[in-house]
Number of protein chains: 4
Amino acid sequence: MSEPKNAKQPMIVGKAALIMIDWQRGGDYVPGEENGIPLMEGHGDAAPLARRLVTAARAAGVPVIFIQEVHRPDMVDFGRELDGAEDVHCIEGKTSTEIAAEAVDFRPGDYFVPKRRYSDFYHTDLEILLKGLKVQTLILTGGLTDVCVHYTFVDSHQGDYYCRVVEDCVSGSSRAAHDASLNAMEYLQAGARRMSGEILAAFEAMKPSLAA
Amino acid sequence: MSEPKNAKQPMIVGKAALIMIDWQRGGDYVPGEENGIPLMEGHGDAAPLARRLVTAARAAGVPVIFIQEVHRPDMVDFGRELDGAEDVHCIEGKTSTEIAAEAVDFRPGDYFVPKRRYSDFYHTDLEILLKGLKVQTLILTGGLTDVCVHYTFVDSHQGDYYCRVVEDCVSGSSRAAHDASLNAMEYLQAGARRMSGEILAAFEAMKPSLAA
Amino acid sequence: MSEPKNAKQPMIVGKAALIMIDWQRGGDYVPGEENGIPLMEGHGDAAPLARRLVTAARAAGVPVIFIQEVHRPDMVDFGRELDGAEDVHCIEGKTSTEIAAEAVDFRPGDYFVPKRRYSDFYHTDLEILLKGLKVQTLILTGGLTDVCVHYTFVDSHQGDYYCRVVEDCVSGSSRAAHDASLNAMEYLQAGARRMSGEILAAFEAMKPSLAA
Amino acid sequence: MSEPKNAKQPMIVGKAALIMIDWQRGGDYVPGEENGIPLMEGHGDAAPLARRLVTAARAAGVPVIFIQEVHRPDMVDFGRELDGAEDVHCIEGKTSTEIAAEAVDFRPGDYFVPKRRYSDFYHTDLEILLKGLKVQTLILTGGLTDVCVHYTFVDSHQGDYYCRVVEDCVSGSSRAAHDASLNAMEYLQAGARRMSGEILAAFEAMKPSLAA
C-alpha cells in the first residue's frame, strides 16, 4: 500500500494507539431526556469494521483506548452544550450512554477515558495516559466526525501528535458536515485521511512473528 | 433587530469582549520562509469593518483583545503545523507577523495575547484575562474562519463561554471551508452566526449616555 | 466568630464547596504493591470531624465533592510519582483505594472526581464541575496536607478561587511538612487557615430556615 | 561526583534545560505600587552563580529558558495574588520587572516565557517549547524557592519531567520556607536537591570536544 503523494509524514510515526471515540449504545430519542444527537444516514454500520480494527490492534500490541462522553445526572456539567443542535445526551447511568461493549469488543481492564466535553483531551487524563504509553500517533474512529472526532484531532494536532482518521469508520451529524471535517483534518495534516484497509495492513505488519 | 428564531440564548449574555483574531500584516508568500497560509478570495476587505467594530467596542466599554499567532525564529515550536496545508508562517520579528495596527486600530496598551497554536486558548493567558475581566460572551472576528476562528470558538464553547462569530468579518482558507466552519459553529451554539450590523447596534445600545 | 485580623477577604466569598481530598481506606503497606505513602502520627482521627463537615455542608446546601487518587493497574500512569518518597499507591480496584464511604458518609450520587496526580485540578474535570456549580470558595480537607492538599490549594489559587484549608481536618506526611504547607497556604491567601469550628458555624448559618 | 544514595534516577535523564525563574531586577518596595514580595536574607548573591550556570549551559548546548512573572498594568490579571503576603509586583513596563539581563547574561534571542501566575507552566507556552526541544530534565534556579520554584517543580513533576533544583542558586521568602520547599521537592523526586558544582560538572562533561 503506497503512501498518499502529498503526505509529509509516514502513516504511523513512533508508537501508535487506536482511539475509539464514543462508541456508545445510543437508542431512541426522548426529547429533553435522552440521546439528543443528530446523526447522518448509515451510522452503525461501521461498528463491525471498528471491531476488526480493535482485534487487529490487540494482535499487534497497539494500545486501544475507549472514550466515553458522559454527563452528570443533575446536568450540572453541560456548560453550553444544550445551546445548539444537540439535546440532552450521554447521561451517566443510562443504558444508552454505555460503551457498546459487544459490538466493539470493549473488555474489562481496557483503557477507558470518560470526558465531559467534545475533545477527548479537554480536562481528561488522556494526555497522561498517552505520555505513559509513549504514543506518538493517534488513529481515530467513532463519532461524530464533525464534533468529537474533529475536535479531538485538533487538540492532538496542537499537542504535537501525528493524527489519522479512519474515514470509513467515523460518522457525522450530516454527510456535508462529515465531509467538511475530513477535509479540515486533511488541511491540518496531509495524509490524515485513511481507509481501514490501510490501518489493518499496518497493524498486520506489526504483529510479532510466531516463528522462533 | 430581532433574535434568530432558533437561538436559545440572547446574543450577548453578561459582559462581552471583542476578540480580534490574527489581524496580522501578512504579505507575499516566500516558500519555506514566510506567510505560507492559503486564503480565500476577498480577504482583506473585512479590515475596515473590523476597525468599526473596534471603535464601537471602545465607545461601549467592551474590552477588545488582539490575538497574534507567532512562532519562534528557530521554528522549534511549530509542532505538527507544517505537516499540512500551511507552510512556514508568523515568524517572530517579521513585519508580516505584526498586527496590522493602523488597519484595525491596535494601540499601545491594548490587551494583546500571543499564541503558538490555532486556538487562542491553547497554552495562552487568554482565560486568565477573561476571568479577570469577568467576560461571559466572546465575539470573534478575523481569520481563518476554518482554523483559528473555528478552533477558538470550540475551546470557548467547551469553556462555557457564549460565543458569536461575525460572519462578514471573518475569512477562510477557501469559501467552502469558511461556510462549513460557520455551520459547525452554529451547530454548537444556535444563533452564533451574526452580522456586523447586529453587533454594532448592540454596542451602540451599551454606550453610556452623555446626558446627566 | 471574628475574622482573622490579617484576612483580606471574608472566609466564604460567593458560593462554597467542600472538597474531600483522598479520604481513602488505605491499609497495610506491602512494599512495591500497596499503600506506600508516609503519614504523620495521629492521622485517621480527623475522619469523624470530616464527617461532621459533610453533614453540615449537606444541610446548608453546600456541594460536597469527593476526590480520589487512583492509578491504572498496569501502573502506566505513575509518571515520576515513584521517584520520590512514595511507593506504589492507590491502584484501581484495590480495597485500600476506595473512598472510606462509611467514615466520611460518601454516598451513591455524590460528586466524585478521580485523578491521576496530586493536584485535584490536574487533567480532571474538577474545574468543569466548579464552573457548573458556580462555586467561588473551596474548603479543603483530607490528605496529605503537604502534597495533594497543598498542590490543590495552589491550583485553585492560580485559578482565582478563594481557598480555605481546615487545619484540624488535614494530615501531612510529617508534622514538619504539615506545618510548612499550612504556612505556605496562608502565604498565598491570608486567612486561609481555618478551624473546623469556624466552618461548621458558617455552614450552620447558611442552613435554610424551616420556619414558614 | 557520585549520585546521592537515595536517588532513583540519574541526575540528568535525556536532554536537559536550564530554567531561569524570575531573575528580575526588583528594587525598592513602594506600598501598593511596586515590588511587594518578601525575601529572605542573602538573596541577590546567587546571580553570579546563576550566570556561571548559564555560561556553562550555553557551552554544553543545553537550552536556557528565561521566565518572567509579569502582570498587566491595569492589574486585571492578579487574580487572588494580592490576598496574601505579596503586595503589587511585576507590573509590565516597570524597570523592576525586567529580567536582570547583565547579571544573568540574558541576551536577545534567548528563549523567554512570560507568565501571569507562579507556576511557569500555568497558561504559558513552556510545555510547547519543552516538547519542541525534546527536553526531559529541568534544572531550576531563581526565586522564590517556596513559590515560583516550588510550584514550577510540582507542575513539571506532574508533567512527567525529571526535575532538579539548584539549592545554592534559589532564594525563598524566608529561610524556613526555603528549607521546607527544598524538602518538599526532594519528597517528590529523591535526588532533586543539587548543588551548582554538580550541575556545572555535568554541563562541562557534555561540552562537545574540540579535538578532531
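A brief report on the enclosed structure follows. (Residues numbered from 1 in each chain as written. Chains lettered and ligands numbered in written order. Predicted model: local features only at pLDDT ≥ 70, side-chain atom pairs only at ≥ 80, totals over all residues. Heavy atoms only, no water.)

**What to know about the relation of the copies chain D and chain B**
Here comes step 1: Overlay of chain D on chain B (RMSD 0.0 Å): rotation 180°, translation along the axis 0.0 Å. Put plainly, the chains are arranged around a two-fold axis.
Here comes step 2: When the interface residues of chain D are mapped onto chain B, 100% of them are again interface residues, pointing to one common binding face. (Least-squares fit on C-alpha atoms with pLDDT ≥ 70 in both. Contact = heavy atoms within 4.5 Å.)

**Observations regarding the pairing of strand 4 (residues 135–143) of chain A**
Side chains on a regular strand alternate between the two faces of the sheet.
Residue and element names in this part refer to chain A.
Here comes step 1: In terms of burial, strand 4 is largely enclosed, as eight of its nine residues are buried.
Here comes step 2: Two strands pair when backbone bridges link them, and strand 1 (residues 15–21) and strand 4 are joined in this way by seven bridges, in the parallel orientation. Looking at the pairing, Ala17 lines up with Leu138 of strand 4.
Here comes step 3: The sheet contact formed by strand 4 and strand 5 (residues 162–171) spans six bridges and is parallel. Within strand 5, the position partnered with Gly142 by the bridge is Val170.
Here comes step 4: Of the crossover connections in this fold, the one passing from strand 4 over helix 4 (residues 145–158) to the parallel strand 5 is right-handed. (Buried < 20%, exposed > 50% of the residue type's maximum accessible area, 1.4 Å probe, protein only. Helix = DSSP H or I, 4+ residues; strand = E, 2+ residues; numbered from the N terminus. Pairing = 2+ DSSP bridges. Right-handed = clockwise from strand over helix to strand, strands pointing away.)

**A look at the interface of chain A and chain B**
Here comes step 1: With 35 residues of chain A in contact, the opposing surface of chain B contributes 35 residues.
Here comes step 2: Carbon and sulfur atoms make up 52% of the area that chain A and chain B hide from each other, which totals about 2,900 Å².
Here comes step 3: Ranking the residues of chain A by area buried against chain B places Arg80, Gln158 and Tyr187 of chain A at the top, with a combined share of 29%.
Here comes step 4: Linking chain A with chain B are 28 residue pairs in polar contact (both at pLDDT 80 or more).
Here comes step 5: Going through the elements one at a time, helix 4 and helix 5 (175–188) of chain A are the ones with two or more residues in the side of chain A that touches chain B.
Here comes step 6: Grouping the amino acids of the side of chain A that touches chain B by side-chain chemistry returns 17 nonpolar, ten polar and eight charged. (Buried area = accessible area lost by both parts, 1.4 Å probe. Polar contact = N/O pair within 3.5 Å; in protein donor to acceptor, adjacent residues only side chain to side chain. Nonpolar A, V, L, I, M, F, W, Y, C, P; charged D, E, K, R; others polar.)

**Some remarks on helix 4 (residues 145–158) of chain B**
All names here are of chain B.
Here comes step 1: The first and last C-alpha atoms of helix 4 sit 18 Å apart over 14 residues, in line with the 20 Å expected at 1.5 Å per residue.
Here comes step 2: Counting buried positions along helix 4 yields 14 of 14 residues, so the element is predominantly enclosed.
Here comes step 3: In the segment just after helix 4, Asp160 is the residue with positive phi, at about 75°. (Expected span 1.5 Å × (residues − 1).)

**Focus: empty space enclosed by the protein**
To find leftover empty space, a probe the size of one water molecule is rolled over the atoms.
Here comes step 1: Taken as a whole and assessed by the stated rule, the structure comprises four cavities of 30 Å³ or more.
Here comes step 2: What the largest cavity holds in volume is close to 1,100 Å³.
Here comes step 3: Taken together, 37 residues form the lining of the largest cavity, with Phe121 and His123 of chain A, His123 of chain B, His123 of chain C together with His123 of chain D sitting closest to its centre.
Here comes step 4: Of all the elements in the fold, those that place two or more residues in the lining of the largest cavity are helix 3 (126–133) and helix 4 of chain A, helix 3 (126–133) of chain C together with helix 3 (126–133) of chain D.
Here comes step 5: Counting residues per element, the lining of the largest cavity draws most heavily on helix 3 of chain D, at three residues.
Here comes step 6: The residue makeup of the lining of the largest cavity, split by class, is 14 nonpolar, 13 polar and ten charged.
Here comes step 7: In this structure, the second largest cavity spans a volume of roughly 50 Å³.
Here comes step 8: Lining of the second largest cavity is provided by Ser119, Tyr151, Val154, Asp155 and Gln158 of chain A together with Ser119, Tyr151, Val154, Asp155 and Gln158 of chain B. (1 Å grid on protein atoms, 1.4 Å probe; cavity = no way out; pocket = protein on both sides within 12 Å on 5 of 7 lines; lining within 4 Å. Points joined across faces, edges and corners; volume = space filled by probe spheres on them.)

**Points about the interface of chain D and chain B**
Here comes step 1: Opposite the 18 residues of chain D that make contact, chain B presents 18 residues.
Here comes step 2: Of all residues in chain D, the largest losses of buried area upon contact with chain B belong to Arg72, His123 and Ile128 of chain D, amounting jointly to 40% of the total for that side.
Here comes step 3: Residue Arg116 of chain D pairs with Asp125 of chain B through a salt bridge whose shortest N-O separation is 2.6 Å.
Here comes step 4: Residue assignment for the side of chain D that touches chain B shows that the elements contributing at least two residues are strand 3 (111–115) and helix 3 of chain D. (Salt bridge = Lys/Arg side-chain N within 4 Å of Asp/Glu carboxyl O.)

**Quick word on the sheet that holds strand 6 (residues 193–194) of chain C**
Residues and elements named next belong to chain C.
Here comes step 1: Within the open sheet, the six strands sit side by side as 3-2-1-4-5-6. Their pairing is parallel. Strands with a single pairing partner mark the edges of an open sheet, and in this sheet they are strand 3 (111–115) and strand 6.
Here comes step 2: Sitting on the sheet, helix 4 (residues 145–158) is in contact with strand 1 (15–21), strand 2 (64–69), strand 3, strand 4 (135–143) and strand 5 (162–171), with an inclination near 170° to strand 4. (Axes fitted to C-alpha atoms, helices over the stretch in contact; angles between N-to-C directions.)

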